[in-house]
2 protein chains.
Amino acid sequence: MTPALAVTKRGRPHVVIIGCGFGGLYAARALRSAPVTVTVIDRTNHHLFQPLLYQVATATLSPADIAQPIRFLLRKQPNTAVILDEVERVDPDRRVVHLTEAGPLSYDYLIVAAGARHSYFGNDGWEAAAPGLKTLDDALEIRRRFLIAFEKAEQCADAAERQAWLTFVVVGGGPTGVELTGIMPGIARLGMRGEFRNADPADIRVVLLEAGPRVLPAFSDRSSARAHADLEALGVDVKVNTMVTGIDASGVRVGEEFLAARTVFWGAGNAASPLARSLGVPLDKAGRVRVNADLSVPGHAGLLVVGDLAAVEQKNGELVPGVAPAAMQEGRWAARNVIRAVSGRQMRPFRYTNKGDLATIGRERAVAEFGNGRLKFGGRLAWMLWLFIHIMYLAGFRNRVIVLMEWAYAYVTYRRGARIIRSSEARPHASLAREAP
Amino acid sequence: MTPALAVTKRGRPHVVIIGCGFGGLYAARALRSAPVTVTVIDRTNHHLFQPLLYQVATATLSPADIAQPIRFLLRKQPNTAVILDEVERVDPDRRVVHLTEAGPLSYDYLIVAAGARHSYFGNDGWEAAAPGLKTLDDALEIRRRFLIAFEKAEQCADAAERQAWLTFVVVGGGPTGVELTGIMPGIARLGMRGEFRNADPADIRVVLLEAGPRVLPAFSDRSSARAHADLEALGVDVKVNTMVTGIDASGVRVGEEFLAARTVFWGAGNAASPLARSLGVPLDKAGRVRVNADLSVPGHAGLLVVGDLAAVEQKNGELVPGVAPAAMQEGRWAARNVIRAVSGRQMRPFRYTNKGDLATIGRERAVAEFGNGRLKFGGRLAWMLWLFIHIMYLAGFRNRVIVLMEWAYAYVTYRRGARIIRSSEARPHASLAREAP
């Protein structure tokens, strides 16, 4: 039942890991010296450093700068094999993972780290007009729409139509929305100087829509207010308590008001991977798997879930947040619990350590909170800390050096290095434009 | 009849340039201070440094490293506008270019620099199984197939099938074929060390098929022989005098013999852009426009053709070769002839200066010929000269620095920085695999 590719040594338990984001990668690494064989499955060949994805979406970095082949990262673990394939479903009773191409793969322990996609809160029709940002495919689609909007504006004889092409709306005031909107005005105003003859990129209008009362709701009131003010200083039109009621290719409807905008991005809701449903176990409202304190799934020994796919309750009753450090900690903890189980010991409860929160808001601005909010600061110091931490955690020496170079270039020149529209990318947009009323 | 975007100042002749490869870019730059308004049309937003495209195709460089936005390159020319659009056809009698989205655009002078695509010599069915390398889209498709082949091999239980996935055939022994095949063995043998558990990338087989008697036919016999020997030393199986008679998803047919290979690339024939046909002027066998000595088209004052789309006869009766330096020289010359015509002077005949030929053959190997073949050399010196010249001609400071960094990384570690298979790229291949018998 196990295809040729799995490293299966007799007597060694087989640990399968689904997904190689932060949760999956840290789980795999923690199993390096364990007496198990490991198979990592991902539908791409790379581990993606998601915190910098918005910089690919805005043409600052190239995809390869924030992605490393999973095989390369795990090459020094002879007990680990990597499969590029998609998981169709999991059968936890028979302990089998069903892969699209390789077929069934049996396991002794399964760590599911399949992550999240966007949630449009039941309005799935909005996705075509307002794509979200989770994968490299997403980032390249957002980059394409971002860059092409200026090309379309340049070709508009009509002033209102031109302004609609120069208007960018981001729905959702979390870190993704704040980072995307914070970076856009500078790119348009300074990074494209002198390049256009009919439209002026400096006429860009960037709107951030947040349904709740403040941006960055995971931060303190003070940091939220600071981020809000920073965004406005950058020229972003921030609207809180604003519920979107419609999105199409011509703009966004907010109650009675219609905002003419040809380019809309989605940074609002998360929904756990559809894979969770195939497990046949209890899920929460957002589709996440309700796990035990030790990250295992009730009633299924040997099945653990980590990262954005897991609903992990803390002692204070709150869920562990869906952030990269939490996924890393959970991945590592799940692996350790597997090692404990393999050697006949009891799995132990996971405890989340909040090392702090950081969000960047354009050039030289950021907010930081440490020690559960006891230490809060913003401005240039927070921004430099953000730069330092992101370079530190980025996998691979090459990527660190290249990203530092790209940042230095963008900092000094304001220009962006990855402004590419390929021929195959320029064409589909024609239909997008025609779709609009 | 002229859309809003064109820079049209009364009294100034309007020069339209189709295509912004080497020919179009050098023509546009040479018109910077001329008393004309210029409109550059390209179906992508970037000028592509084609000589390094094979390094994108083999995951060494990122697309953004060898591409620069055309607007950025021409931003300091206030008389020049850039349009991202596709030319449907040209009406040289009415002096109108018809664009897919922007509609008709009238001109006083037209410089056509639309370049070439591949020619399959009437076997257009081969294209799906053996893509060529002209654009970034092409390079990313070749990269996808190159990287996925190793993933497929890793998942093969059958040894013969595994070897078919590890066999790469390139058809055509010109510079593209020599560069592609020369770089592949090293990437597989050294750049993927330790990453696979079932397949061994070191079992790679790379085959170069050339219909004529020698590789690099544009070079001297001596340099051809040297390149041939260098390729064999790198482990490439070079077969000259070998005519391909069939290609499909399972391999290549050569006379009676069938070569099982899941991955085939095409570097053989060029065919001029189909746009040439719309001009309604005499073309040569390869679809190129037969131009006058001054690069204008017989019977159409104000219509000039440069680069790979032009058949330019030299004094010795031979055609100017389809290489980057020739396109640059022709583009610049066509612009100067337009300036002459605008000021009432006679256009002057173009004369090609062969500054030398260079081709690289993997790590530390290359062949060089200067002074019409009077000076020939190869080896590490030629390779270093190749590196230097390519960095020199690469547009943009940023790109030069990043490419140097990527090369240093690849040289020291043997690893490649851009080994990315996105989720959308991993899926279509399933159907490719199933297509095979």
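You'll find the structure just up there.
Cut-offs and rules
Residues numbered from 1 in each chain as written. Chains lettered and ligands numbered in written order. Predicted model: local features only at pLDDT ≥ 70, side-chain atom pairs only at ≥ 80, totals over all residues. Heavy atoms only, no water. Helix = DSSP H or I, 4+ residues; strand = E, 2+ residues; numbered from the N terminus. Expected span 1.5 Å × (residues − 1). Buried < 20%, exposed > 50% of the residue type's maximum accessible area, 1.4 Å probe, protein only. Arc of directions from axis to C-beta. Contact = heavy atoms within 4.5 Å. Buried area = accessible area lost by both parts, 1.4 Å probe. Salt bridge = Lys/Arg side-chain N within 4 Å of Asp/Glu carboxyl O. Polar contact = N/O pair within 3.5 Å; in protein donor to acceptor, adjacent residues only side chain to side chain. Nonpolar A, V, L, I, M, F, W, Y, C, P; charged D, E, K, R; others polar. Least-squares fit on C-alpha atoms with pLDDT ≥ 70 in both.

S.K.: Even after reading the chapter, I still don't get helix H7 (residues 221-233) of chain A, so can you show me in this structure?
M.R.: Owing to its 3.6 residues per turn, the α-helix aligns residues three or four sequence positions apart on the same side. All names here are of chain A. Between its first and last C-alpha atoms H7 spans 18 Å; for 13 residues at 1.5 Å apiece the expected length is 18 Å, and the two agree. Taken together, the buried positions of H7 are occupied by Ser223, Ser224, Ala227, His228, Asp230 and Leu231. One face of H7 carries all of its buried residues, which in axial projection span an arc of 165 degrees. Exposed positions of H7 whose direction lies more than 90 degrees from the buried face are Asp221, Arg222 and Ala233. Residue glycine 235 follows H7 closely and has a positive phi angle near 100 degrees.

S.K.: What should I look at first to understand the environment of Arg222(B) in this one?
M.R.: Among the structural elements, Arg222(B) can be located in helix H7 (residues 221-233). With 196 residues separating them along the chain, Arg222(B) and Tyr26(B) place their C-alpha atoms 33 Å apart.

S.K.: Help me out: how do you make sense of the interface of chain A and chain B in this one?
M.R.: How big an interface is tends to be reported as the loss of accessible area on association of its parts. Opposite the 60 residues of chain A that make contact, chain B presents 61 residues. Counting each side, the surface lost to burial between chain A and chain B is near 5,300 Å², with a carbon and sulfur contribution of 54%. The largest contributions to the chain A side of the interface with chain B come from Arg71(A), Gln155(A) and Arg197(A), which together make up 14% of the buried area. For the pair chain A and chain B, the interface holds 10 salt bridges. Remark: the boundary between chain A and chain B carries 30 residue pairs in polar contact (both at pLDDT 80 or more). Elements with a contribution of two residues or more to the side of chain A that touches chain B: strand E4 (67-69), helix H3 (70-73), strand E5 (80-84), helix H4 (136-154), helix H11 (397-413) and helix H12 (423-426) of chain A. Residue composition of the side of chain A that touches chain B, by class: 29 nonpolar, 12 polar and 19 charged.

S.K.: Before we go on, may I ask you to explain helix H1 (residues 22-30) of chain A in this structure?
M.R.: Burial of H1(A) is extensive: 7 of the 9 residues sit out of reach of the surface. Where H1(A) is concerned, the buried positions are Phe22(A), Gly23(A), Gly24(A), Leu25(A), Tyr26(A), Ala27(A) and Ala28(A).

S.K.: It is not clear to me how the side chain of Glu86(B) should be interpreted in this structure. Could you clarify?
M.R.: All names here are of chain B. Examined against the element boundaries, glutamate 86 turns out to sit in the loop between strand E5 (80-84) and strand E6 (87-91). Judged by relative accessible area, glutamate 86 falls into the buried class, the value being 15%. A polar side-chain atom of glutamate 86 sits 2.9 Å from a polar atom in the side chain of arginine 43.

S.K.: Can you walk me through the relation of the copies chain A and chain B in this structure?
M.R.: Note: a rotation about an axis with an accompanying shift along it relates these two copies of the chain. Structural alignment of chain A on chain B gives an RMSD of 0.0 Å, achieved by rotating through 180 degrees and translating 0.0 Å along the axis. Overall, the copies show the geometry of a two-fold rotation axis. Of the interface residues in chain A, 100% have counterparts in chain B that sit at the interface too, so the contact is made through matching surfaces.

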